[in-house]
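Results of the structural survey
One-letter residues, chain by chain:
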Amino acid sequence: MNGFQRFQIWYAAQPRALRTLVAINVAVYLLWQIVFIHIGPARAFVWNHLALNPSLPDILFEPWQLLTYSFLHLQPGMGGLLHMGFNMLWLWWIGKDLEELQGPHALTAMYIYGALGGALMTVMLHGAFPGSPIFNGVVHG
């Protein structure tokens, strides 16, 4: 049995929702890094309509940004790889136990509620401190 076959067996034994969330994040990251970052209109679309742009009232017209930003890791190079890697490592460490104890719906809900909570907090802080450079940029990951 080669290393790839061992990985497939190990991966298949992992909790289902965790595998799905990690696979989506990794697929989006690779698609971004390999393809979309090099296509100007696609890059602009992702930054303007899928990443979280926290200014009001703009976010009211694109509410999906409150969730889609959590699947995007848009930094190029080693910084983006580390950002993605550590996010997935934390998700794996916490998510595996949570899913095994509470089930796949609990992990999926934690991911979604965490993303929504983080996005809403960012929008509120952006509104509370409109001139602050800390809360003034596009959010991803």
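The paragraphs below set out a description of the structure included in this document. (Residues numbered from 1 in each chain as written. Predicted model: local features only at pLDDT ≥ 70, side-chain atom pairs only at ≥ 80, totals over all residues. Heavy atoms only, no water.)

Topic: the overall build of the protein chain
Counting its secondary structure elements, the protein chain contains 7 helices and 0 strands. The helix and strand sequence of the protein chain, counted from the amino end, reads α-α-α-α-α-α-α. Once the C-alpha set of the protein chain is aligned to its principal axes, its extents read approximately 55 × 35 × 25 Å. Put simply, the protein chain has 141 residues, and 31% of those count as buried. (Helix = DSSP H or I, 4+ residues; strand = E, 2+ residues; numbered from the N terminus. Buried < 20%, exposed > 50% of the residue type's maximum accessible area, 1.4 Å probe, protein only.)

Side note on the side chain of Q14
Along the polypeptide, Q14 turns up in the loop between α1 (3–12) and α2 (16–34). Only 3.1 Å separates the side chain of Q14 from the backbone oxygen of W10, close enough to count as a polar contact. Not counting chain neighbours up to four residues away, the residues in contact with Q14 comprise R19, W92 and K96. (Polar contact = N/O pair within 3.5 Å; in protein donor to acceptor, adjacent residues only side chain to side chain. Contact = heavy atoms within 4.5 Å.)

Some words on the environment of N136
As for its position among the elements, N136 is in the segment after α7 (104–128). Its relative accessible area of 43% is what places N136 among the partly exposed residues. On a C-alpha basis, the gap between N136 and F45 in space is 19 Å, while along the polypeptide they are 91 residues apart. If we ignore the near neighbours within four places in the chain, the residues touching N136 are H126 and P130.

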